Every structure is written in C-alpha cells, then in structure tokens.
Amino acid sequence: MDLSQTSTNSGLSLGFLSHVSANNNRSSKIADDSISFQIEHRARDLSHPLPSVPLRLLDQQTENRYPNHAERNNSNENKVIEDDEEKDVEFQLLGHPMTLKRKRDCDSGSSSSFCSSKGSRVTSNEIESRRNAVRAWGNQSLRSADPSIFEIMEKEKQRQFKGIELIASENFVCKAVMEALGSHLTNKYSEGMPGARYYGGNQYIDEIEALCCQRALTAFGLDSETWGVNVQPYSCTSANFAVYTGLLLPGDRIMGLDTPSGGNTSHGCYLPNGRKVSGASIFFESLPYKVNSQTGYVDYDKLEERALDFRPKILICGGSSYPREWDYARFRQIADKCGAVLLCDMAQISGLIAAKECASPFEFCDVVTSTTHKSLRGPRGGIIFYRKGPKPRKRGMLLNQGDGSDKYDFEDKINFAVFPALQGGPHNNHIAALAIALKQVATPEYKTYMQQVKKNAQALASALLRRHCRLVTGGTDNHMLLWDLRNFGMTGMSFRSNFSFSLPNYVDIIKVCEVCHITLNKVTIFDDNGNITPGGVRIGTPAMTSRGCLESDFETMAEFLLRAAQIASSVQKEHGKLPKSFLKGLEDNKEIVELRMRVENFATQFAMPGFDV
Ligand SMILES: Cc1ncc(COP(=O)(O)O)c(C=O)c1O
C-alpha cells in the first residue's frame, strides 16, 4: 500500500517530513520506533498541499537506543556498554542533514563473553546474571508481578460469577477467545493490511488477519466478490467514525436514530443545551430521526420527510436500544431518494443476524458496522463490511448514487480511514480472538445459542408483562427489552394488591439491583406527550444465556427484578428520594441482604465460560 496516494474524498494525504518540521502545528504527527511520518490535513488548506512522497522504513540503527550524553555521564550503572565509542554517520534525508549514531563493533560472535566498549572482557557469569535479571520479571506470573492488580481482577471475576448480568451489550467470551486475547500476539506491530505491512515479520499475522476476514464474510453469508471487510477497528465507535472519515468531508451530513430514541452516540449526539457530544456531531453535521412516542417504533414517514429535507450523505439504521426489527427495505428506498449511502450499525444484533435469527441488513445496505463483543460473543472491538465491485442496476438505473460511477469505491477509502487516518497498529491478539469467535458463529451450536437468547428474551418479556410491567413497544423481536418504569406499580389491580408499593425512582431500582448483584442499565424513553424522560431500563439476555440459563431461569430473574423494585420503593418510603439518604437506607438492609443471597445462590449454579473461579 502506498501511503503517498491521496484520498480525494477524505482530503487526507501523507507527507514524509523529517523531525526538523515536527513542530509544524498544521500537521498531526504519527511516530513510533521505526516509522515517522505526518498526516497533512489537506482539507484545511487545499491551496498548499504538501508534496507527498512514499513512506520508507528507516534503518533500525537510527533508533536512539542509548541515553543522551548527560544521562550517560551521571549514570554509574552498566558502565561496560556506555562509553563514547560511537561512530557518527552523516547523511541527508529529503534535503535535511541527519546524524546516525552507530555502535562500533567489538568482538562479535562470542556468546559466552564479549568485549566491553572499554575493551575489557565480560565473563560468562556476568552475562548470565544480567540476562537473568531481565528474564526474572519477564516471566513472573500476574499474581507475583502485581498482587494489587491481581487481587482486583480476582474480585471482578467473583463479581461476574456471583451476579446476574443483564446488560444487553455485554457477554461472556469462551476460553479459546480469552486465550488468544492474552497471548503473544499482543507483541507484534503490523500497521497496514495483510501482504502490505510497514514492519517485517508479519507472515503469520497476515495469515491470521486474512483468515479472520474470510470467516467474517462466511459468518454473514457474504461473497468476497461483492463484499470486503476490515477487522482492525478498535471499537464500533471507531469503526463508524472511520466510515464517516473515509466517505465524507468534514461538515458533511449524517442522519441516525436519536439517542433518546435508542440510537448510539456514535451516530451523532447533542445535549439538550446544544453541546456536541460525539465526534460524529463535532466533525460532521448530524440530524436525527426518532421513534414514534406513542408506539416506540421508528417513525418511517417522518424519517423520510426529514431525510428529504436534510439530504444526509450517510443514512444510518441500527441502534443501541431498539427492541424491534428494522425495515431495511424502507431505509434503502429513503437513502436512494436522497442520494445517501446506507450504513447499518448492527452492533447490538450482529449475532442474531449471523444466526439468521433476525432480518439481515446486507441485502439493502452499502456499509455495515458492528461491535464484535455483544451478541456476536467475540472479543471487544469493531468491524466494517463494505460493498465492492459493480453497483447493482434496476431497470437500467444505477442504484446507490454516490459518486455516479458504476463501481463501489468504498474499499480504499474505508481502509485508509482505519489506518493511517484514525488508528495505528492493529491489535493482533484481538483479531485472532475475533477469528476464533467468527468460526464459532458459523456453527449449528451458535445458531442454537442465538435461538435460546431470543427465547429467553421472550420468556423474560412475558414474565414481566404478566406482572403488569410496561415494555416499550409491548415486547421484543430480539435479545433486549426496554422496561418502562415510569408507570411502575400503577398498571393493573391484581399487581397493585400483590405488590402494593409506590413508584420508585428508576435510578434507585438500578442501584438496588447493583447492590444485589444484578446489572442492567438505564435508558431514556419518550412519555405520552413526546417528551424525553429518563424512565426506563434496558435488559438483555445474551450474557446469562452464555452461562446456560433457559426460559425458566429468566422467570426467576423477573421475580428478582420485581423484588428489587419493591425494595427500592420501601427504602424510598422510609428514607426519602435524595440519593444520600436513599443510599443510607440500603446499608445493612435485611431485604437487600436476603435478595443478594438469593441472586448469588442462583447465579453461582451456572458455570462461567472462559475461566475457572
Ligand atoms: C449500536 C451501537 N453502535 C456502537 C456502539 C459502540 O460500540 P463500542 O463500545 O465498541 O465503541 C454501541 C455500544 O453499545 C452500540 O450499541
């Protein structure tokens, strides 16, 4: 890959600059031990582009491995290798004078003794003891190398084991994924793409990344002639930002689901005071569409009206807290009407899509992003799929307007945006772990797992509905439900007589759940007048399904959730709603102690995947 090539759309080009110009504040410097180059933001000053020259690796010997003169003169340690017998080599690079410091060769080739820079001989004992000094800490176990971190990690292990994990975007990875994550692959630098890296020694890393890409396409039933994939993004937020960076110019328009409606901040987000929250809104212009405040479903007619007015260049479907299917065909129609690229962020539901347990966006979308660690059950990270090859035609008309050409041009733009525009070296341990997860995704066992995730979500939804709880949209099509707590305790006579308690603050329910070892997260929802209220919690089933829980277990979890709400209500009655006094009311509360014990007894029946406790 030639980094000197200009990406016309992103407005980015790479110029190689010597350290002489490193303080030029118009450029962002990327530097590591063997490569030093700068990205010139041409979009800011298109009239004065820097000349681009191909990136070259510097000789390893240019690394400054030795302390400077002052440090050397002050140091008493390692005297044998620190004397001033370096040869200075002067040369020019792009017209700039440079000096290369090189160690003078001594008696090379002896492994049991060598000549110090002062000429004295170092004995094999000394050599061995110096080697051992380095090896000693290189091979310590975590427990002995860092007891403090070890202890905290052990506590986190226990927390995961003893608790009920209902956060919809969390999951428990399997042992094989865990092994790859904590492996030697973290040692390797591999900037670039398979077969075109900026470092040597990447033959196996290339194999791993190529296999990961191939498995990613297989997992989603994609043909490598028409779809490409980038598995390097560190997270889905970075994956989304790479898509914007690759396909848009700063200030171009994007449109995604409003965050209070369940959208993700990486699709654009403003605070009520107008403050721009995410990079998507800081560097691009974002206007959201919303769900219908009465039904909780995406309001497609309003979305179309807004999109035709706003004319986004990227239209985004997919969100963080949306329990229903997406109408991808309708999104495609709208995107085509306003000439937008259609991006699906399938982060929440990618596991369901891979298992064909919900509708696939691939038939309709141009670009698809995802996290890899939610329902997909892989390591923490992001992934980008993009269309490639000829664009489809319909009645002689080219679909997907874009730049008007008859071929997709996403591949180079997106890959360039991931590296070097936004990221550095890929996390190879993550990519190997993802390859392992994607292999599993393509198995019948994974399909069964995803089916169970859905059955469990249905079981939990009906258990809550039977207890007169209110769910946004009345239920779920996927792995999550949104429990609307605003009317909690007020719906249904039988419920009120069985559980007579007043409306607790939703935050308090989350707090009570947390101290009882149940984790979930809050969500904002629309009230009946269309106002945003922070009144709900999102509950997901993938993590506990990974521990082997079935429908009847989710009935039990519904009981626990109700009990937590009941406790929150009675503590509130006794201690008031102020956070400080409410928290005081939780201390040494017998009901809490009892519920926590029930939760722990329940949770510890189920093994933890990935590690022993
Ligand atoms: C739809 C969606 N997109 C993006 C993200 C952000 O993912 P990450 O944490 O990997 O940046 C999330 C996280 O919950 C999400 O739900």
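Residues numbered from 1 in each chain as written. Predicted model: local features only at pLDDT ≥ 70, side-chain atom pairs only at ≥ 80, totals over all residues.

A. Molecular detail of the overall build of the protein chain. Looking only at helices and strands, the protein chain has 20 helices and 24 strands in total. The long-range share in the protein chain, meaning contacts at least 24 apart out of those at least 6 apart in sequence, stands at 69%. (Helix = DSSP H or I, 4+ residues; strand = E, 2+ residues; numbered from the N terminus. Contact = placed C-beta atoms within 7 Å.)

B. Representation of the sheet that holds strand S17 (residues 382-387) in the model. Read across the sheet, seven strands follow the order S11-S17-S16-S15-S14-S12-S13 without closing on themselves; strand pairing throughout is mixed. On the outer flanks of this sheet lie strand S11 (227-230) and strand S13 (285-286), each paired with one strand and no other. Summarising the sheet, strand S14 (residues 314-317) and strand S15 (residues 341-345) pair through four bridges and their orientation is parallel. Within S15, the position partnered with Ile-316 by the bridge is Leu-343. Across the sheet, helix H10 (residues 328-338) is in contact with S14 and S15; its angle to S14 comes to roughly 170°. (Pairing = 2+ DSSP bridges. Axes fitted to C-alpha atoms, helices over the stretch in contact; angles between N-to-C directions.)

C. Looking closely at the confidence of the model for the protein chain. Summarising the model, the protein chain shows a mean pLDDT of 82, and 75% of its residues fall at 70 or more. Across residues 104-110, where pLDDT falls below 50, the model places eight contacts with residues more than four positions away in sequence or in other chains. (pLDDT = per-residue confidence, 0-100.)

D. Structural detail: the packing of helix H14 (residues 444-466) against helix H18 (residues 551-575). Viewed as axis vectors pointing N to C, H14 and H18 meet at an angle of 40°, and their least axial separation amounts to 8 Å. Judged by the twist between their axes, the crossing of H14 over H18 is right-handed. Facing Lys-455, Asn-456, Ala-459, Leu-460, Ala-463 and Leu-464 of H14, the residues of H18 in contact are Glu-551, Phe-554, Glu-555, Met-557 and Ala-558. A class-by-class count of the residues in the contact of H14 with H18 yields seven nonpolar, one polar and three charged. (Left-handed = near helix turned anticlockwise from the far one by under 90°. Nonpolar A, V, L, I, M, F, W, Y, C, P; charged D, E, K, R; others polar.)

E. View of H18. Here H18 spans 36 Å end to end across 25 residues, near enough to the 36 Å set by a 1.5 Å rise per residue. Just downstream of H18 lies Gly-576, where phi reads positive at about 90°. (Expected span 1.5 Å × (residues − 1).)

F. The arrangement of the site of the ligand in detail. Surveying the vicinity of the ligand reveals 14 residues, the closest of which are Ser-235, Cys-236, Thr-237, Ser-320 and Ala-347. Its residues assigned to classes, the shell around the ligand shows two nonpolar, 11 polar and one charged. (Near = placed C-beta within 6 Å.)

G. Structural context of unusual backbone geometry. With an omega dihedral of 15°, the bond running from Phe-419 to Pro-420 counts as a cis peptide bond. Mapped onto the elements, Pro-420 comes out in helix H12 (residues 410-422).

H. Molecular detail of the sheet that holds strand S21 (residues 480-484). Judged by pairing direction, the sheet is antiparallel, and its four strands sit side by side in the order S20-S21-S24-S23 without closing on themselves. Strand pairing shows two members of the sheet lacking a second neighbour, strand S20 (470-471) and strand S23 (521-526), which therefore form its edges. Its contacts with the sheet place H14 against S20, S21 and strand S24 (532-540), and it is angled at close to 15° to S21.

I. Geometry of the pairing of S17. Burial analysis of S17 places six of its six residues in the buried class, the great majority of the element. The alternating pattern of S17 places Gly-382, Ile-384 and Tyr-386 on one face and Ile-383, Phe-385 and Arg-387 on the opposite face, and all of these are buried. Pairing of S11 with S17 involves four bridges; the strand directions are antiparallel. Bridge pairing links Val-229 to Phe-385 in S17. Where strand S16 (residues 367-371) meets S17, five bridges bridge the pair, whose relative direction is antiparallel. Bridge assignment links Val-367 to a residue of S17, and that residue is Tyr-386. (Buried ≥ 20, exposed ≤ 12 C-beta atoms within 10 Å, placed from the backbone.)

J. Representation of the packing of helix H7 (residues 236-247) against H12 in the model. Where H7 meets H12, the closest approach of the two axes is 8 Å, and the angle between their N-to-C directions is 120°. Relative to H12, the element H7 lies oblique. As H7 runs across H12, the sense of the crossing is right-handed. Only Phe-410, Lys-413, Ile-414, Phe-416, Ala-417, Val-418, Ala-421 and Leu-422 of H12 make contact with H7, whose side of the interface consists of Ser-238, Phe-241, Ala-242, Val-243, Thr-245, Gly-246 and Leu-247. (Parallel < 35°, antiparallel > 145°, perpendicular 65-115°, else oblique.)

K. Region of interest: the nonpolar core. With 131 residues, the main nonpolar core has Ile-314, Leu-315, Val-367, Ile-384, Leu-460 and Ala-564 as its most contacted residues. Residue contributions to this core peak at 11 residues, all from H18. Composition of this core by domain shows at least three residues from each of domain 2 (222-425) and domain 3 (445-603). What Leu-460 contacts, discounting residues up to four positions off in sequence, is Leu-481, Ile-539, Thr-541, Phe-554, Met-557 and Ala-558. (Core = buried A, V, L, I, M, F, W, Y, C linked by C-beta atoms within 7 Å. Domains from an automatic or database assignment.)

L. Expanded view of the pairing of S24. Here S21 pairs with S24 via five bridges, running antiparallel. Looking across to S24, one finds that Asp-484 is bridged to Gly-536.

M. Here's a closer look at the environment of Gly-251. Positionally, Gly-251 belongs in the loop between H7 and strand S12 (253-255). Separated by 35 residues in the primary sequence, Gly-251 and Ser-286 have C-alpha atoms spaced 8.9 Å apart. Those residues in contact with Gly-251 that sit more than four places away from it in its chain are Phe-284 and Glu-285.

N. Spatial organisation of helix H13 (residues 428-441). In this model H13 runs 20 Å from its N-terminal to its C-terminal C-alpha over 14 residues, within 8% of the 20 Å that 1.5 Å per residue would give. Taking burial as the measure, the 14 residues of H13 include 12 buried ones, the bulk of the element. For H13, every residue scored as buried is listed here: Asn-428, Asn-429, His-430, Ile-431, Ala-432, Ala-433, Leu-434, Ala-435, Ile-436, Ala-437, Leu-438 and Val-441. Tucked into the core, H13 has its buried residues touching helix H5 (175-181), helix H6 (203-219), helix H11 (350-354) and H14.

O. Expanded view of the environment of Glu-285. Along the chain, Glu-285 turns up in strand S13. The partly exposed category is assigned to Glu-285, around which 18 C-beta atoms lie within 10 Å. If we skip the residues at most four places from it in the chain, Glu-285 touches Gly-251, Asp-252 and Arg-253.

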